[in-house]
2 protein chains.
Amino acid sequence: MAQHAPTAAVLLIGDEILSGRTKDKNLGFIADYLTVLGIDLKEARVVADIEDEIVAALNALRVRYTYVFTTGGIGPTHDDITADAVAKAFGVPIDHHPEAVEILLGHFKEIGREPNEARMRMARTPKGASLIANPVSKAPGFQIGNVFVMAGIPKVMNAMMEEVAPRLERGAPVLSQTITIQGGEGDVAKPLKDIQERSPEVIIGSYPFESPQGFATNLVLRSRDQSALATAMNEVRQMAVELTRNGKVRGWS
Amino acid sequence: MAQHAPTAAVLLIGDEILSGRTKDKNLGFIADYLTVLGIDLKEARVVADIEDEIVAALNALRVRYTYVFTTGGIGPTHDDITADAVAKAFGVPIDHHPEAVEILLGHFKEIGREPNEARMRMARTPKGASLIANPVSKAPGFQIGNVFVMAGIPKVMNAMMEEVAPRLERGAPVLSQTITIQGGEGDVAKPLKDIQERSPEVIIGSYPFESPQGFATNLVLRSRDQSALATAMNEVRQMAVELTRNGKVRGWS
């Protein structure tokens with residue numbers, strides 16, 4: 001994958017993921033989304049609702065990757081400390097964002113809710129941040145530098161990602177092809193390693209699973225170079241034919 | 001949560017999670033499992049199949065927490081590099097583990113597979129490691145120091161976790177109670193914050209969700225101190241009664 005591509009990290013924030021109470025679905029969504037945009041997701045971290053932890057993780061990630069996407073911790077309650085932590089990470093003050101205040105005041109008026117202090121906390125952003133619109137429940141996320149701060153509720157986060165997408169530099173899309181071998185990895189490993197060594201522009205992954213007929217393996221070839229991908233795929237197909245002919249595997253598709 | 005408890009981190013290893021191809025289920029399983037054992041999961045990371053990344057993440061985590069649990073990258077193919085990376089992180093050589101060799105030779109004989117070089121790679125462990133039995137597909141995981149190296153396939157990892165559990169020091173179990181408020185977080189936030197401030201031994205989390213009747217909020221109280229938990233829970237119930245009486249929320253349960 002020698003061609004230039006933006007890189008990214010995901011930072012999931014929340015005690016509830018680490019306690020097991022909430023099973024995260026945001027990482028998978030963002031991973032799929034970035035793949036479509038040609039952005040390489042390189043790392044993800046999950047940290048608790050502890051300011052120092054969020055600051056340390058964010059500062060480690062934001063200098064290293066083109067973009068960082070965070071989810072969680074931007075609601076009105078005492079355990080929502082992401083905006084403050086992001087401000088601290090960037091070393092800037094935090095205050096009510098005028099545009100966010102306007103959005104929230106209008107929204108609470110419309111639904112007949114009191115714009116109390118807790119609710120208006122959701123308008124606070126680090127100095128220099130721009131908003132990420134929230135078409136689902138209005139309280140916005142925000143962008144500061146290369147960091148995108150989004151909600152933890154999947155439905156809201158997914159909508160925010162749509163708002164964020166136009167701001168992102170895209171890479172050449174990663175092309176991917178899969179072949180399924182009816183058999184374990186043990187006999188595939190050696191010839192597959194040889195193909196990988198001959199194909200530096202292609203990343204070949206081997207993912208075993210249990211099929212109804214016994215162990216099977218998905219071989220996934222990924223590359224930004226269409227012709228390199230086609231060449232490697234051809235070799236993998238030949239390998240599959242040969243392994244089947246020799247009775248080493250039950251078949252392929 | 002002032003009482004002593006062991007801490008832990010999880011390191012998920014694999015390109016397939018970062019590309020979105022595989023949706024991770026291992027973190028949630030380990031999180032639930034550790035909660036039952038009274039071990040506090042403090043952090044999780046996902047890294048790609050790149051040796052330097054695995055080494056750096058592992059060395060950051062293993063000095064910081066009582067235990068580190070890794071999943072993925074211990075199969076027979078070229079992209080399975082976890083054992084080598086762990087050896088490098090610990091600065092020790094890697095070689096075939098006699099006991100693992102015996103297990104694998106017996107297994108491959110039984111199922112009529114050739115014990116080729118790739119298959120026997122799965123017997124390699126860093127010097128000083130002890131095995132983690134794999135009752136599902138035989139190829140073992142291993143423990144070195146405070147690091148537990150397990151398979152990525154959930155069924156295999158889950159079985160390995162059962163093997164690991166007796167080796168772990170347990171903490172006092174974290175007790176947890178939940179109350180559901182029929183209403184958004186906005187009116188709950190202020191009184192809830194006051195209760196949190198009066199209850200340093202209890203961690204109170206507020207998790208909004210969309211119910212069929214509109215926005216609702218789960219308030220989760222967690223503590224190792226049963227009486228502190230009961231006191232805080234009482235206050236939260238009183239708060240819910242009052243908010244309902246004032247018409248701020250639709251009810252609670």
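The rules behind each value
Residues numbered from 1 in each chain as written. Chains lettered and ligands numbered in written order. Predicted model: local features only at pLDDT ≥ 70, side-chain atom pairs only at ≥ 80, totals over all residues. Heavy atoms only, no water. Helix = DSSP H or I, 4+ residues; strand = E, 2+ residues; numbered from the N terminus. Buried < 20%, exposed > 50% of the residue type's maximum accessible area, 1.4 Å probe, protein only. Contact = heavy atoms within 4.5 Å. Axes fitted to C-alpha atoms, helices over the stretch in contact; angles between N-to-C directions. Parallel < 35°, antiparallel > 145°, perpendicular 65-115°, else oblique. Left-handed = near helix turned anticlockwise from the far one by under 90°. Buried area = accessible area lost by both parts, 1.4 Å probe. Salt bridge = Lys/Arg side-chain N within 4 Å of Asp/Glu carboxyl O. Polar contact = N/O pair within 3.5 Å; in protein donor to acceptor, adjacent residues only side chain to side chain. Nonpolar A, V, L, I, M, F, W, Y, C, P; charged D, E, K, R; others polar. Least-squares fit on C-alpha atoms with pLDDT ≥ 70 in both. Domains from an automatic or database assignment. Pairing = 2+ DSSP bridges. Core = buried A, V, L, I, M, F, W, Y, C linked by side-chain atoms within 4.5 Å.

## Notes on the side chain of Asp-40 of chain A
Residue and element names in this part refer to chain A.
Working step 1: Within the secondary structure layout, Asp-40 lies in strand β2 (residues 40–47).
Working step 2: Using a relative accessible area of 16% as the deciding quantity, one classes Asp-40 as buried.
Working step 3: The residues contacting Asp-40, other than those within four sequence positions of it, are Ala-5, Pro-6, Thr-7, Ala-8, Val-174 and Arg-224.

## Some words on the packing of helix α2 (residues 26–37) of chain A against helix α7 (residues 154–164) of chain A
All names here are of chain A.
Working step 1: Relative orientation of the contacting elements α2 and α7 amounts to 20°, with a least axis distance of 10 Å. Our classification of the angle between α2 and α7 gives roughly parallel. The handedness of the crossing between α2 and α7 comes out as right-handed. In contact with Asn-26, Phe-29, Ile-30, Tyr-33 and Leu-34 of α2, α7 contributes Pro-154, Met-157, Asn-158, Met-161 and Glu-162.

## With respect to the interface of chain A and chain B
Working step 1: Listed per partner, the contact involves 58 residues of chain A and 57 residues of chain B.
Working step 2: With both sides pooled, the region where chain A packs onto chain B buries about 4600 Å², and carbon together with sulfur makes up 52% of that total.
Working step 3: Applying the counting rule to chain A against chain B returns 10 salt bridges.
Working step 4: Connecting chain A to chain B are 24 residue pairs in polar contact (both at pLDDT 80 or more).
Working step 5: Elements supplying a minimum of two residues to the side of chain A that touches chain B: α1 (15–18), α2, β2, α6 (117–120), α8 (189–198), β10 (203–211) and β11 (214–223) of chain A.
Working step 6: Here the residues of the side of chain A that touches chain B sort into 21 nonpolar, 14 polar and 23 charged.

## A word on the relation of the copies chain A and chain B
Working step 1: When chain A is fitted onto chain B, the two copies agree to an RMSD of 0.0 Å after a turn of 180° and an axial shift of 0.0 Å. Between the two chains, the operation in question is that of a two-fold axis. Closest approach to the rotation axis among the C-alpha atoms of chain A is made by Arg-45 of chain A, whose C-alpha sits 2.1 Å away.
Working step 2: A share of 98% of the interface residues of chain A reappears at the interface of chain B, consistent with the copies meeting face to face through the same patch.

## Some points on the domain arrangement of chain A
Accessible area lost during the coming together of the parts is what is often quoted as the interface size.
Working step 1: The domains assigned to chain A are domain 1 (7–167) and domain 2 (175–252).
Working step 2: Summarising the inter-unit geometry, the C-alpha centres of domain 1 of chain A and domain 2 of chain A are found 39 Å apart.

## A look at the sheet that holds strand β1 (residues 7–13) of chain B
Working step 1: An order of β6(A)-β7(A)-β8(A)-β3(A)-β1(A)-β2(A)-β2(B)-β1(B)-β3(B)-β8(B)-β7(B)-β6(B) is seen for the 12 strands of this open sheet, with the pairing classed as mixed. Each edge of the open sheet carries a strand with a single partner, namely β6 (130–132) of chain A together with β6 (130–134) of chain B. Strand-to-strand, the axes of this sheet are offset by a mean angle of 20°, without reference to chain direction.
Working step 2: Note: β1 of chain B against strand β3 (residues 67–71) of chain B, five bridges, orientation parallel.

## Digging into the pattern of salt bridges
Working step 1: If you walk through the whole model with that rule in mind, you get 28 salt bridges over all chains.
Working step 2: Here Asp-84 of chain A makes a salt bridge to Arg-124 of chain A, at a shortest N to O gap of 2.8 Å. With Asp-84 of chain A in helix α4 (residues 82–90) and Arg-124 of chain A in strand β5 (residues 124–126), this pair connects stretches of sequence that are 40 residues apart.
Working step 3: Of the residues examined, Arg-124 of chain A reaches a relative accessible area of 17% and is grouped as buried.
Working step 4: For Glu-235 of chain B, the salt bridge goes to Arg-198 of chain B, with nearest N and O atoms at 2.5 Å. Taken together, the residues span a long stretch of sequence, with Glu-235 of chain B in helix α9 (residues 226–245) and Arg-198 of chain B in helix α8 (residues 189–198) at a distance of 37 residues.
Working step 5: The class for Glu-235 of chain B is partly exposed, based on a relative accessible area of 21%.
Working step 6: For Arg-198 of chain B, a relative accessible area of 53% corresponds to the exposed category.

## Concerning the side chain of Asp-187 of chain A
Working step 1: Positionally, Asp-187 of chain A belongs in the loop between β9 (175–182) and α8.
Working step 2: Side chain to side chain, Asp-187 of chain A and Arg-119 of chain B meet in a polar contact 2.7 Å long.
Working step 3: When neighbours within four sequence positions are excluded, Asp-187 of chain A is seen to be in contact with Leu-243 and Lys-248 of chain A together with Arg-113, Glu-114, Asn-116 and Arg-119 of chain B.

## Some points on the environment of Val-236 of chain B
Residue and element names in this part refer to chain B.
Working step 1: Residue position: Val-236 is located in helix α9.
Working step 2: With 193 residues separating them along the chain, Val-236 and Glu-43 place their C-alpha atoms 28 Å apart.
Working step 3: In contact with Val-236, not counting residues within four places along its chain, are Ile-179, Leu-192, Ile-195, Leu-219 and Leu-221.

## Points about the nonpolar core
Working step 1: Core analysis: the largest hydrophobic core is formed by 102 residues, its most contacted members being Phe-69, Met-150 and Leu-168 of chain A together with Phe-69 and Met-150 of chain B.
Working step 2: Once residues within four sequence positions are removed from consideration, Phe-69 of chain A is found in contact with Ala-8, Ala-9, Val-10, Leu-11, Ile-30, Leu-34, Phe-148, Met-150, Met-161, Val-164 and Leu-168 of chain A.

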